[in-house]
Structures are given as C-alpha cells and as structure tokens.
Amino acid sequence: MSRLIFPFLAMPASPSTRLRLSSGLRVSRFLLGSWTALVLAFLYLPVLVLVAYSFNASRLNVLWEGFTFGWYRSVWENAPLLQAARNSLVIAGVTTVLSVVLGTAGGWLLHRYRFRMAGGIETLTAIPMVMPEILMGISLLVLFATAGVPLGFTTVVIGHVTFSFPFVLVAVRARLRGLDPALEEAALDLGATPLQAFWLVIVPCLRPAIVAGALMAFTLSWDELIVTFFTASAASATLPIRVFGMAKVGLNPMLNALSAIFVVVTVAFVAFSAYLKRLAR
Amino acid sequence: MSAKVELCGVTKRFGAFEAVSEVSLEIAAGEFLTLLGPSGCGKTTLLRLIAGFEQPTSGTIWLGGVEVTHLPPYRRPVNQVFQSYALFPHLSVWENVAFGLRMQRVPAAEVTDRVRQALELVSLAGFDARRPQELSGGQKQRVALARALVCRPQVLLLDEPLSALDAKLRQAMQLELKRLQRQVGITFVYVTHDQEEALTMSDRIAIVNRGRIEQFGSPHEIYHRPATAFAADFIGQANLLDTRLIAADGSGARVRLAGGLELVLRAAAWPAGVETALVSIRPEKVHVSKSKSRAQSTFAEGETNMFEARIEEEVFKGATDHLILATVAGTRLSAVVANESALGEIFHAGDRVFCGLHADDLVVLRVN
C-alpha cells in the first residue's frame, strides 16, 4: 500500500532506512502525546490540587496534615459568603432572562427588518463585548451617580445585561442567517399573525442559539468582578467581590473549599449544556 | 369553495426596478393556471402579490369578488406551497399539518379528522410522528401540500414545488397534482419555468416576460398559436422567420420568408396595414417525404404549401428525426419527423425531399 502511495519507498530501500522512518514516526507520536499531556496538566493540575487541598486539615496550603470536611463546614457557616452566593445567583438569573429577551428580540429586529442605521446599531450593540470592563464599570458608576440612582441590585443587573445580551444577540443572528426565510411566510400564510409566527415558529427554531446565549450570559454574570465592583452596594455584593475581598486579607483554605464547589457546579453546568445540545440534534 | 382571482392593472416596483408592470389577469374559479416564464420575469412576484407577502405599488387584487389588495397574508383565504417546502422543523408531520387549523381555532376533534383526511389525500397516512428532517424530498412535498390544503383555501398557490425533485418523481408528481386539483376543485395558481410542467398540468397558461403577460390561453392555443416570438420560442421549438407580404387577395396572402421561400397563408391571419412581420413555424408541422403525394396527402387540396428542399443535416433521436432543410428557394428550416414505423422512410443528409406545410400552421407573431 505504502509503495503505491509513496513511490520513493519503492526505491531499493535498505531495512535500516525503513526502521529509521518508523522509529521517527514513533518519536514524533511520543512528542505530540507528551505535549498534549503537558497542556492538559497546565490547565487542570491547579484545579485538582486546589480540590485536593480543600480537604487538607492544615491551615497552610503547602503541607498535608490529614483529611477534613472542616473547610466546607466553615463555608456553609459563613453567612456573608452565603448571602453573596445568593446575590450572585439572583443577579445572574435576572441578567440571563433579560439578556435572552433583549438579545433575541434585537437579533430578530436586525435580521428581519431593514431600517436606517441598522448596520451602525448592530456594531454599537457588539462593542460592549470587547470594551474593557474597567471602562464600562467607571462609566456606569458616573452615569448612576449623575442620574442619582442608588447603587444596588438594579444597577448591577443593568451593568451585567449591557455586556451579556450582545452574546445572545450574536448567537441568535448566526442562527437566523441559516434559517429558511420562507418559514415565517409559511406561518403567516397559514393564518398566524406576525407575533404568533415569531413565537410559534421562529423562537422554537432559535432554541439552540437562545440556550447557548443564555448559558454564556449566566456564566459571564456569575463570575464578573470589575463592573460589579463599580456598580454594587455592600448589600448587593456578589460572590466574586466577597472572594476577592477575602483573598486580599490572605489565602484561606475556605477559599479552596469554595472553589471546589464552583468547579463541581461548573462541570455540572457544562455537562448539562452538552446534554441539551445532543437533545437538540 | 374555490374562487376566481382578478388582478387589475397591478404594478410592483422594488426601488427603480419594475418587477410587475400593469398586469391584468382573470383566473377562473377552479382552474389550474400556470404562470410560466424564465427566472426573474416576475412570476414569483405575481404569486407573492396574490399571497399577500408583497403589496402592489398600484392596481388592485380581488379574490372571489372581494378586494384583498391590502390584506395581510394571514387574513387571505389563500395558502401556498413553498419552493423550499418551509416545513416547521421543530414540529412533527401531524403538527405541521394541524398548524393552520390551530391558527383558525378549529375545535380539536375536527382538527384530528381534517389532518387525518389531508394526510390520506396525499398518501402519507402513518407518517404522523415523523419530523420533516426524516422525510424524503417527495414526502416533504406531500406534507407541504397537505398543510396548505387542510385549511381549505379558496386558492392554492404553488411556487415551483417540483423543482427540488428528481426527474422521474417530478413527472409522477405532475400527474398527481393534476389529479389532486380535480379532486379538491380548488383554484390552483402554479409558478414554473418548466414548459413541460406547464403543458402537462395547466388548464390555462400565462406566459410572463419582463413583468408582463405575453400570452394567456390554453396549452393548445399557446403551443399552436403563439402570439409573440417570446411565447413561440419559450414553449417548444420554432422556426422564427422575418417575412414580407407580397400580394394579398380574398383567398390568401402570399408572403416571402427570409431566404426567399414564398408561401401562402390565410388572408385573415396577416395583420392589416403591415408590410413585414415575424412568422413562427413549428418543426413538426413541416411534412417531409421523398414522395410528393405523401408530403401533400395529409392536407386538403389547395390549403397546402408545397416546396422542395435538400436535407442539410439529419439527427436521429429515436422517436423522432431532426432535419435541417435548405429549401430550393433558399430558406433554411428545421423539421421534425416522427418515426412511426421501422418500415417508414429513412432520411440522410443530402437527400432531396418534398415538404408540405398547411397555411394555418404559419403563425404570424405580434410585435411588442
């Protein structure tokens, strides 16, 4: 077979050259494998170490002194931390819902209707995705201060929606581009009003994009620090803010336990979205 | 149930482009009408105007005597079968067909009955639970038909519904569509660029070109008596020849075709006050034989033009022989001879032949 494909192999080749070739192949395969292992280790070893040390009885991260669930208990008993986690959940939840509504409606508007400045508006909605967060945080703070809006849940949610909904919009736009334009007309033709056509035909067709966008919006909001830092009050502080505050004081094994919980939740989240994707297929 | 469709002076402009220009058309209730034309001629725009997806720039549209010009598509008693079928991918076959009835708030028991009947009508009983992605092209086509027909529209619009099917299935579906149309008795308005489809299925054909109706008539009229060069050329094949009037009297008009051949046609067929015109001759209407009497035999005496020619080229196509004739007078004509029997005449390039052509088979075309 190889003789046919690689004519140079058909030349009078001594057994040694052939050996060299196959051993070269083996070496390159080994190198590739090692590199892959190295990259994976770089990505996941810190996480694994962190999870392991969350069960460490020592107050210091460097020494292993025995197994304990103590740090998990102290996370559970830390009221401000739990309050911050609840805040984060509420804010991420509300942000996700608002982003889905705004992103889907906006995506449909930009896709379906031709109007002046459509291109400009699309670019303007995309910019918050790449704008430095520190800039957005400061500008929002200035805005709220000037308008006399007290900082709290509302201001944090507004900040989060600003940079989250474009992700939903982009996903929805991409899906709409691949959708048969006759679908909406078919619905109208069968007696659906434009609103019914959108709700009963277009939205179900967009579901994979909406779910992907929603997961994105939730994750973005859940671990956002900088914009939240500028727009939150003490009562609406989120988990990242609280953790950041704790880390400044000194590394506490409690943070390891908290991070381990995060890891488990994140993995569950990713698995769930993968499951949804398979379901959609 | 079925309704007539009337378009009165309908014009549709997209910016500077006029897709439909001053079209007036009356489609009878219960007829199978085909809008036939090349791509970009405005036939799909005409269909979209009737469906309500587009609003005319000027003119009015009537369905069953009711003006619908400015009604949105969901308020018109019209349903469409789309070129892409546009089946809802997230719904089963059953739910797709039930969609229109749900929108009309038909009671659940009636929905069940009518969906079942519609699926039976298109021979898709038992496919209820399938998703559109799990169907073949022909099956999708049937679901699209059932989904439109279940709403009992007064007019069914079909936008090149067979173009995505392979040739064999297309022919079977042509006959089935025609059968279905007779069975349900609904007015069908069918858009296609395929002349064979149009001839097979239609009660009447409207030939559309550059946003205008070139000719409107039965397949017979359109084929045998094309009105314009475009109509003659678009359907079937035609010899199109510049022709000059030489003499006319009560019995006939003597004309000279491009090249020099002189023929006689009926006096009434030549437009009054015109010196030159374009004449269409269908290739199969030229009767070719090596024997003079046989070339003449099919026609009544006195109405036949007889002339001699030499065969320049001969192409054997099985059922037919295609000949390029150079007449003695100098005109070149293409002719088609049916191979009715293996014992029939065999033609070769270079043969001298006699040709018979009935006066009625010279069609004088209108100049636009």
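Residues numbered from 1 in each chain as written. Chains lettered and ligands numbered in written order. Predicted model: local features only at pLDDT ≥ 70, side-chain atom pairs only at ≥ 80, totals over all residues. Heavy atoms only, no water.

Undergrad: Give a detailed account of the packing of helix 4 (residues 79-112) of chain A against helix 11 (residues 239-249) of chain A, specifying residues and quantitative values.
TA: Residue and element names in this part refer to chain A. Two elements in contact, helix 4 and helix 11, have axes separated by 7 Å at closest approach and are oriented at 145°. Listed contacts from helix 11 to Pro-80, Leu-81, Ala-84, Ala-85 and Ser-88 of helix 4 are Leu-239, Pro-240, Arg-242 and Met-246. In terms of residue class, the contact of helix 4 with helix 11 is built from seven nonpolar, one polar and one charged. (Axes fitted to C-alpha atoms, helices over the stretch in contact; angles between N-to-C directions. Helix = DSSP H or I, 4+ residues; strand = E, 2+ residues; numbered from the N terminus. Contact = heavy atoms within 4.5 Å. Nonpolar A, V, L, I, M, F, W, Y, C, P; charged D, E, K, R; others polar.)

Undergrad: So, the domain arrangement of chain A: which residues are in play, and what are the values?
TA: All names here are of chain A. Domain assignment breaks chain A into domain 1 (14-53) and domain 2 (78-280). Computed from C-alpha atoms alone, the centre-to-centre distance between domain 1 and domain 2 is 39 Å. Taken together, the contact pairs four residues of domain 1 with four residues of domain 2. Roughly 340 Å² is buried in total at the junction of domain 1 and domain 2, and carbon and sulfur atoms are behind 77% of that figure. Taken together, the links from domain 1 to domain 2 amount to zero salt bridges. For the interface between domain 1 and domain 2, the tally reads zero residue pairs in polar contact (both at pLDDT 80 or more). A breakdown of the residues in the side of domain 1 that touches domain 2 according to their chemical character gives four nonpolar, no polar and no charged. (Domains from an automatic or database assignment. Buried area = accessible area lost by both parts, 1.4 Å probe. Salt bridge = Lys/Arg side-chain N within 4 Å of Asp/Glu carboxyl O. Polar contact = N/O pair within 3.5 Å; in protein donor to acceptor, adjacent residues only side chain to side chain.)

Undergrad: Which residues make up the environment of Arg-76 of chain B, and what values go with them?
TA: Residues and elements named next belong to chain B. Within the fold, Arg-76 resides in the loop between strand 5 (66-67) and strand 6 (78-81). A sequence separation of 50 residues divides Arg-76 from Gly-126, and the C-alpha atoms of the two residues are 31 Å apart. Arg-76 has contacts with Leu-49, Ile-50, Ala-51, Gly-52, Gln-55, Val-68, Thr-69, His-70 and Leu-71, leaving out every residue within four places of it along the chain. Of note is the side chain of Arg-76, whose polar atom sits 2.8 Å from the backbone oxygen of Val-68.

Undergrad: Could you give me a rundown of the domain arrangement of chain B, with the residues and numbers involved?
TA: All names here are of chain B. Along its sequence, chain B is carved into domain 1 (5-233) and domain 2 (237-364). For domain 1 versus domain 2, the distance between C-alpha centres works out to 39 Å. Contact with domain 1, which involves eight residues of that partner, is made by ten residues of domain 2. Summing both sides of the interface, domain 1 and domain 2 together bury roughly 790 Å²; the carbon and sulfur share of this comes to 44%. If you sort the residues of domain 1 by the area they bury against domain 2, Tyr-223, Arg-225 and Ala-232 come out on top, with a joint share of 55%. Across the contact surface, domain 1 and domain 2 share zero salt bridges. Inspection of the domain 1/domain 2 interface yields five residue pairs in polar contact (both at pLDDT 80 or more).

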